[in-house]
Amino acid sequence: MTAPSPTTPVRTRFAPSPTGYLHVGGARTALFSWAYARHFGGTFVLRIEDTDLERSTPEAVQAILDGMNWLGLQHDEGPFYQMQRMDRYREVLAKMLAEGTAYHCYSSQDEVEAMRERQRAAGDKPRYDGTWRPEAGKALPPVPADRKPVIRFKNPLDGDVSWTDVVKGQITISNRELDDLVIARPDGTPTYNFCVAVDDWDMQITHVIRGDDHVNNTPRQINILHALGATLPHYGHVPMILGTDGQKLSKRRDAVSVMDYLDKGFLPEAMLNYLARLGWSHGDDEVFSMEQMCSWFDLSHLSSSPAQFNPEKLAWINNHYIKAADNQRLAQLVRAQMLELGAGFENAPDLAAVIGLMKERVNTTVELGQAAMLFYRQPQADAALRQQHITDAVMPALLEYAQGCQAVEWNKAALSALLKEILAKFALKMPQLAMPLRLLLTGQLQTPSIDAVVELFGRETVLARLSKIAE
Ligand code: GLU
C-alpha cells in the first residue's frame with residue numbers, strides 16, 4: 001500500500017487519555033506521528049483527552065509529558081486539553097442541532113435498556129430505535145416533563161462508511177451497523193467520539209495514526225466529520241504490541257511504562273530506535289538515528305500484523321547506544337545510583353574514564369553503574385580467594401611488581417612492559433600474577449585488563465593497596 005502523498009501541510013497528533021503513565025504502545029504511536037510530521041516538515045500536535053474525569057489525573061498528564069520529554073518527542077502545538085474546550089464543543093453541538101445533524105433524545109435510560117432487551121430477544125443487534133429522531137413528516141412524542149435530554153448524532157440510515165486505512169487497507173462499515181450515537185449527556189457534557197472528531201477538525205489534522213483498538217470508533221468519527229462539513233484526515237491504525245508470550249502487553253507481566261525503562265537504565269535513543277522497529281521497517285536497518293528515521297519514515301512500511309516486544313533485542317540496541325554515548329553523559333547518568341551504592345568519589349579515578357573502560361559489555365546504565373563500583377569501594381577479598389591466589393610462590397613477584405610501580409612511567413604501555421618483565425623473570429603465566437593483583441586492587445577476580453585497571457587507579461592507590469600484600 002502506498003501512502004497518500006500529502007499536498008496540504010501535514011498535521012499529525014498524539015492524543016493520550018491521561019489515565020496512567022505513558023505506555024510503550026502510546027509512545028510508539030506518538031513516535032510514528034511525530035516522525036511523519038518531521039518527514040514532511042509538518043506539525044505535531046499534542047492533545048490531552050482528559051474528559052473522563054473519574055480516570056484522568058494531573059499526575060498522569062505529567063507522566064505523559066515527562067515520557068514524551070525523555071524521548072525527545074517535542075510537540076509543535078499544544079498541549080491542548082479537551083476540558084478547556086468545552087465551550088467550543090457546546091458551540092458545535094448547537095450548530096449540529098440547528099442544522100439537523102443532531103437531535104435531542106428524551107428516551108430515559110430505562111427505556112433505552114428496555115428497547116435493547118426487546119431487540120436482543122428478537123435476535124437483532126441492539127441499537128437506539130429512533131423514537132426521537134426527527135424525520136420529515138414524522139410526529140415526535142410529547143416532551144416528558146422534568147427530563148433532561150441527551151443529544152444524539154443523526155447517523156445516516158443507509159450506505160456505507162469507507163476509508164482506505166494506510167495500515168489496514170480498505171475498510172467498509174455499513175451505516176446499519178452504527179447507532180445514533182449519544183454525543184452529549186443530559187448534563188450537556190460532550191462524549192468521547194464527538195470531541196475527537198471536533199478536535200481533529202479544528203486542529204486540521206491530516207493524518208491520524210493510532211492504535212487499532214480505535215478502529216471501531218473511526219466510522220463514527222468519519223460520519224460526524226462529514227456532518228460538520230470537514231475534510232477527512234487519513235487514518236492509519238497500527239496493530240497492538242504483543243508481549244514475549246504472544247499475548248497483548250500486560251501491565252502485570254511486562255514493563256509497559258516508558259519511564260520504567262529510564263529507571264532500568266535504558267537510553268532514550270535506544271528506546272526510540274527500538275520502538276520504531278515495532279511495526280515499521282526500513283529494509284534491514286536495525287540501528288538508526290532519529291534523523292535517519294525522520295528522513296525515511298512514511299506510512300507505507302507500517303506493518304499490518306502485530307509486533308512482538310523482544311527485551312533481548314532492546315537490550316542489544318541499548319548496548320549499542322551505550323557504547324556510542326559520550327562518557328561524561330553516561331557518568332552523569334550513573335552517579336546518583338553509584339552514590340546510593342556507597343561509592344566514594346574522592347581520591348578516586350575519573351568516572352568518565354572508568355565508564356569508557358566498563359561500558360563495552362553492559363546492556364543498561366544500571367549495569368554500568370554497578371560495574372563501575374569496582375573503582376569506588378574498598379576491596380574486600382574473600383579470605384579463601386586470597387589464600388588460593390596470593391600464594392608463597394607468587395609473593396616475590398608481587399612484591400617486585402609493587403616495587404616497580406613506584407618508579408614506572410604511569411601509562412598503560414609502561415605498566416604492561418613492567419608486568420611482562422616480572423612474569424619473565426619469575427617464569428610465571430599472566431593469570432598467576434594478574435589474578436592476585438585483581439584481588440588486591442578490587443577484591444574481585446573479574447575486571448577489565450589488569451593494565452587498564454592499574455592505570456586508572458593511579459599510582460597512589462595502587463601502592464597503598466599493594467602494600468597490604470603481606471596481610
Ligand atoms: N485518547 C485515546 C487513547 O488514549 C486516543 C484517541 C485517538 O488517538 O484518537 O487511547
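- In the annotation of an unreviewed UniProt entry, the protein is listed under the name Glutamate--tRNA ligase and assigned to Undibacterium piscinae.
- What UniProt states about the protein under its Sequence similarities (unreviewed entry) heading is, verbatim, "Belongs to the class-I aminoacyl-tRNA synthetase family. Glutamate--tRNA ligase type 1 subfamily."

Digging into the packing of aromatic side chains
Given two aromatic rings, one states the distance between the centres and the angle between the planes to describe the pair.
Inference 1: Overall, the coordinates contain 14 aromatic pairs when judged by the stated rule.
Inference 2: Consider the rings of Phe32 and Phe297, whose centres lie 5.4 Å apart with planes at 25 degrees: the pair is stacked. A residue pair is termed long-range when its members are at least 10 positions apart, and Phe32 in helix H1 (residues 24–39) and Phe297 in the loop between helix H9 (290–296) and strand S12 (307–308) qualify at 265 residues.
Inference 3: Centroid distance Tyr89 to Phe194: 6.3 Å. Interplanar angle 70 degrees. Geometry classified as edge-to-face. Here Tyr89 is found in helix H3 (residues 86–99), whereas its partner Phe194 is found in helix H5 (residues 192–202), with 105 residues between them in sequence. Each member of the pair, Tyr89 as well as Phe194, carries the same accessibility label: buried.
Inference 4: Grouped by ring-pair contacts, the aromatic residues Phe32, Tyr36, Phe40, Trp280, Phe288, Trp296 and Phe297 constitute a single cluster.
Inference 5: The side chain of Lys264 reaches across the aromatic face of Tyr261, ending 5.8 Å from its centre.

Considerations on the side chain of Asn223
Inference 1: Looking at the element boundaries, Asn223 is found in helix H6 (residues 218–228).
Inference 2: Setting aside its immediate chain neighbours within four residues, Asn223 contacts Phe153, Asn155, Pro156, Val161, Asn175 and Leu178.

Quick word on the site of the ligand
Inference 1: What surrounds the ligand is the set Arg13, Ala15, Pro16, Ser17, Glu49, Tyr192, Val196, Arg210 and His214.
Inference 2: The contact in question runs from a nitrogen atom of the ligand to an N or O atom on the side chain of Ser17, over 2.8 Å.
Inference 3: The side chain of His214 places a nitrogen or oxygen atom 2.9 Å from an oxygen atom of the ligand.
Inference 4: A per-class count over the shell around the ligand returns four nonpolar, two polar and three charged.

Observations regarding helix H19 (residues 459–466)
Inference 1: Taken together, the buried positions of H19 are Thr461, Val462, Arg465 and Leu466. Along the long axis of H19, the arc covered by the buried residues comes to 125 degrees, so they all point the same way.
Inference 2: On its buried face, H19 is in contact with helix H15 (395–407), helix H17 (430–442) and helix H18 (450–457).

Rules of the game
Residues numbered from 1 in each chain as written. Predicted model: local features only at pLDDT ≥ 70, side-chain atom pairs only at ≥ 80, totals over all residues. Heavy atoms only, no water. UniProt positions renumbered as here; feature names shortened; annotations may be inferred. Phe/Tyr/Trp six-rings, centres within 6.5 Å; stacked < 30°, edge-to-face > 60°. Helix = DSSP H or I, 4+ residues; strand = E, 2+ residues; numbered from the N terminus. Buried < 20%, exposed > 50% of the residue type's maximum accessible area, 1.4 Å probe, protein only. Lys NZ or Arg CZ within 6 Å of the ring centre and 35° of its normal. Contact = heavy atoms within 4.5 Å. Near = heavy atom within 4 Å. Polar contact = N/O pair within 3.5 Å; in protein donor to acceptor, adjacent residues only side chain to side chain. Nonpolar A, V, L, I, M, F, W, Y, C, P; charged D, E, K, R; others polar. Arc of directions from axis to C-beta.

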